[in-house]
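Chain by chain, the residues run as shown.
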Amino acid sequence: MTNCKKLWAALAMGLALSPAVARQSGPTKMNSFIDNLMSRMTLQEKLGQLNLPVSGDIVTGQAKSSGVAEKIRRGAVGGLFNLKGVEQIREMQKVAVEQSRLRIPLIFGMDVIHGYETVFPIPLAISCTWDMQAVENAARVAAVEASADGICWTFSPMVDICRDPRWGRMAEGNGEDPFLGSAIARAMVKGYQGDDLSLKNTVMACVKHFALYGGAEAGRDYNTVDMSRWRMFNEYFPPYEAAAKAGAGSFMTSFNVVDGIPATANRWLMTDVLRNRWGWDGFVVTDYTAISEMTAHGMGDLQQVSALALNAGTDMDMVADGFIGTLEKSLKEGKVTMASIDRACRRVLEAKYKLGLFDDPYRYLDKKRPAKDIYTPQHRADARRVAAESFVLLKNDDLTLPLRRQGRIALVGPLGDTPANMPGTWSVAVAFDKCKSLFQAMKDAVKDKAVVTYAKGSNIMDDKQMEANGSMFGREIRDDRTAEQMLEEAVGVAREADVIVAAVGETSEMSGECGSRSDLTLPEAQRRLLLALKATGKPVVLVNFSGRATVMTWETEHFSTILNVWFGGSEAGDAICDVLFGDRVPSGKLTVTMPKSVGQIPLYYNHFNTGRPLEPGKWFSKFRSNYLDIDNEPLFPFGYGLSYTTFKYANLRLSADTMQADGTLTATVDVTNTGRCDADEVVQLYIRDLVGSVVRPVKELKGFERVHLKQGETRAVSFTIDASLLKFYDANLDFVCEPGDFEVMVGPNSRDVETKRFTVEGL
């Protein structure tokens with residue numbers, strides 16, 4: 001037994017809490033241990049377990065608790081978050097387990113959203129790999145690194161469905177589709193938690209934001225959400241349910257209202273759906289100050305809203321000090337019950353038990369692990385590979401890509417030499433000095449075979465304040481030179497080059513929390529730069545950085561080569577070069593629909609038909625569902641993405657034309673690599689229910705497979721279809737498969753598909 005374990009055993013035995021009991025698994029042993037512990041706790045100590053203040057050098061939001069150490073000594077703190085480093089965390093844990101009366105260990109959380117110090121692509125980007133093994137491994141690497149530095153709880157995955165890219169937090173999620181979102185939710189929970197949560201290299205997942213946060217009106221963060229329960233269950237709830245059934249240890253409430261009640265105080269959501277309907281048994285934590293923010297919703301003062309949250313089934317209060325500060329009074333006044341407080345306290349203690357913290361509160365605080373497990377060569381290689389998989393080639397009309405390592409290459413644009421913007425939003429633990437800029441990565445990639453020159457060319461925006469609003473947390477890149485001076489330099493550099501790579505788009509903080517935008521087109525300052533580069537007559541490769549689906553209609557009209565690189569993480573610079581120079585073949589596929597105009601939003605592939613749908617191939621028809629000034633089609637459809645090779649789909653066939661409701665059939669298509677290099681392709685299966693008891697979407701993703709095909713190779717790709725893929729929630733919210741006719745569609749994206757029909761018989 002280590003010295004730390006001996007100390008903890010001695011302390012625990014002093015309370016008649018056997019460490020042997022703490023180490024044993026199973027619900028009976030856990031319940032016995034927690035019963036014993038809770039029988040010794042005062043009311044204030046129970047409320048302390050429900051209190052999650054913030055401490056440390058990484059702080060989010062607008063509030064910061066003070067005097068945290070003294071609160072821990074009093075047993076008034078259940079955990080801390082966004083405190084980085086084994087030494088700092090050990091000091092806080094030491095206070096809890098050596099200086100508080102009951103010596104209950106703290107739980108330590110952090111916003112480990114897409115990696116710790118080895119940062120993977122933003123979640124939206126990694127979803128574009130359609131590679132569930134890569135998704136799971138990214139979460140696994142994040143868990144290994146975070147746990148090596150003392151963290152045992154991550155506020156991830158974010159599984160909110162988003163169909164409005166004006167919302168900045170689209171960057172944190174997995175796009176617009178519930179089927180793909182559910183698969184990613186399961187993979188991330190498995191990656192974080194593994195098969196045994198008590199192992200020292202796992203962390204507890206926290207699924208967020210429950211629920212519907214991605215449906216905020218006008219795409220404005222924290223805004224109202226209002227939709228039918230039927231739509232919730234069919235379109236927005238599936239990823240949350242998938243994560244719950246995958247065993248996620250915790251959930252986080254969302255800021256928005258649901259059915260007119262803020263989610264944090266919504267009993268139907270937190271108890272009826274999450275716990276009773278889905279059978280989930282973890283604990284619920286609020287988002288940052290979500291309880292106190294309910295006063296602005298008009299739900300009452302801090303005491304009132306705290307009682308509402310507890311009674312709804314919310315267990316832990318992040319930062320608002322509502323539970324610790326008001327629940328004792330509410331208990332005396334009969335506004336909450338002791339049973340409700342005990343229930344919430346038990347859930348938090350169960351999480352700590354499952355993490356093994358009662359066995360050894362220092363289990364995540366091995367001083368040797370950070371040097372061994374964080375930012376390792378293998379982790380960096382994994383992140384670099386996944387980043388390259390996530391990039392989406394939108395256009396390559398002149399086959400300008402891949403570039404040759406020869407001659408003179410001009411890198412121009414405000415995002416070309418900014419290491420801090422490479423990792424993307426919500427990379428709170430990243431070390432910027434370990435990230436390469438694209439300029440440095442390009443010089444490293446070509447070595448002495450070519451000359452790479454750089455000019456910034458423009459600021460992100462002309463307006464200084466607007467740029468500052470989207471360039472925070474050490475990501476600022478504002479240049480004090482005039483627009484004319486920067487443009488003149490860029491044109492001079494471009495004229496001397498054989499090819500131009502233009503690094504343009506958003507800064508990393510123009511997306512993410514409070515990163516909503518009403519205009520998703522490229523800022524005018526960067527447009528002027530691109531026009532000047534085009535006027536040189538040199539080939540231009542447009543490398544677009546973004547944390548959302550942006551409106552790129554102007555770019556597609558003016559440029560023949562566009563690579564969307566999102567924000568690729570700490571290894572983004574090298575990964576972009578891997579694709580630019582052909583060491584890796586682009587294979588990313590969009591998980592969001594890219595509109596031609598902001599006025600089309602919300603625009604998503606799995607929509608319903610109207611009673612007056614526009615005839616195929618038409619722009620406008622009077623008394624049909626259309627616009628006067630633009631057609632209905634997206635710029636790039638869901639599932640779209642090009643490669644350096646080409647693929648042919650042929651001979652879609654079904655194993656049968658009919659299927660019993662309790663049976664299966666198989667859809668098979670031949671996919672041939674008809675181009676010039678070996679490459680990966682994401683084969684996608686869509687299904688349409690042609691007649692239902694309620695309106696059904698024009699198509700829904702129901703399967704996908706990422707396959708590697710050598711040049712000239714043909715492979716038969718098959719999908720098994722059963723009732724589980726055909727079920728939906730009807731008007732009574734029953735999950736049903738109805739008999740009738742269905743269409744099966746298979747192709748490289750949601751638009752370009754081959755179609756067959758089959759019939760489901762019987763019930």
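Residues numbered from 1 in each chain as written. Predicted model: local features only at pLDDT ≥ 70, side-chain atom pairs only at ≥ 80, totals over all residues. Heavy atoms only, no water.

As recorded in an unreviewed UniProt entry, the chain goes by Periplasmic beta-glucosidase and comes from Segatella baroniae F0067. Turning to the chain, the UniProt record has this under Sequence similarities (unreviewed entry): "Belongs to the glycosyl hydrolase 3 family." The UniProt entry for the chain carries the following text under Catalytic activity (unreviewed entry): "Hydrolysis of terminal, non-reducing beta-D-glucosyl residues with release of beta-D-glucose." (UniProt positions renumbered as here; feature names shortened; annotations may be inferred.)

A. Main features of the confidence of the model for the chain. Summing up the model confidence of the chain, the mean pLDDT is 95 and the portion of residues at 70 or higher is 95%. Low pLDDT (under 50) marks residues 9-23, which in the prediction has 27 contacts with non-local residues, meaning those over four places away or in another chain. Segment residues 58-65: pLDDT under 50, and 26 contacts once partners within four positions in sequence are set aside and those in other chains are kept. (pLDDT = per-residue confidence, 0-100. Contact = heavy atoms within 4.5 Å.)

B. View of the nonpolar core. Grouped together as the largest cluster of nonpolar side chains are 84 residues, with contacts concentrated most on I72, F210, L212, F237, Y240, F251 and L269. Sorting elements by how many residues they give to this core places helix 8 (residues 132-148) first, with 10 residues. Excluding anything up to four places from it in sequence, I72 contacts V77, L80, M92, V95, A96, S100 and L106. The next biggest cluster of nonpolar side chains, apart from the first, holds 83 residues, and it includes I122, A290, A441 and W554. (Core = buried A, V, L, I, M, F, W, Y, C linked by side-chain atoms within 4.5 Å. Buried < 20%, exposed > 50% of the residue type's maximum accessible area, 1.4 Å probe, protein only. Helix = DSSP H or I, 4+ residues; strand = E, 2+ residues; numbered from the N terminus.)

C. Spatial organisation of the environment of V428. Summarising the element assignment, V428 is placed in the loop between strand 12 (408-412) and helix 19 (438-446). V428 sits in the partly exposed class, given a relative accessible area of 25%. Taking the C-alpha atoms as reference points, V428 and E117, separated by 311 residues in sequence, lie 8.6 Å from one another.

D. Molecular detail of the sheet that holds strand 12. An order of 11-16-15-14-12-13 is seen for the 6 strands of this open sheet, with the pairing classed as mixed. Taken across any chain shown, the strands that pair with only one partner, and hence form the sheet edges, are strand 11 (392-396) and strand 13 (451-455). On average, adjacent strands in this sheet sit at an angle of 20 degrees to one another, irrespective of strand direction. Pairing geometry for strand 14 (residues 499-505) and strand 15 (residues 540-545), over 6 bridges, is parallel. What sits directly across from A503, in strand 15, is V543. With respect to the sheet, helix 19 is in contact with strand 12, strand 13, strand 14 and strand 15, its orientation differing from that of strand 13 by roughly 170 degrees. (Pairing = 2+ DSSP bridges. Axes fitted to C-alpha atoms, helices over the stretch in contact; angles between N-to-C directions.)

E. Local environment of helix 16 (residues 338-354). Over its 17 residues, helix 16 runs 24 Å from end to end, which matches the ideal 24 Å to within 8%, given 1.5 Å per residue. Taken residue by residue, helix 16 has S340, I341, A344, C345, R347, V348, L349, E350, A351, K352 and Y353 as its buried positions. Residue G356 follows helix 16 closely and has a positive phi angle near 80 degrees. (Expected span 1.5 Å × (residues − 1).)

F. Seen up close, helix 11 (residues 238-245). With 7 of 8 residues buried, helix 11 lies mostly within the body of the structure. P238, P239, Y240, E241, A242, A243 and A244 are the residues of helix 11 that are buried. Where helix 11 is buried, its residues contact helix 9 (178-193), strand 5 (204-210), helix 10 (229-236), strand 6 (250-253), helix 12 (267-277) and strand 23 (728-729).

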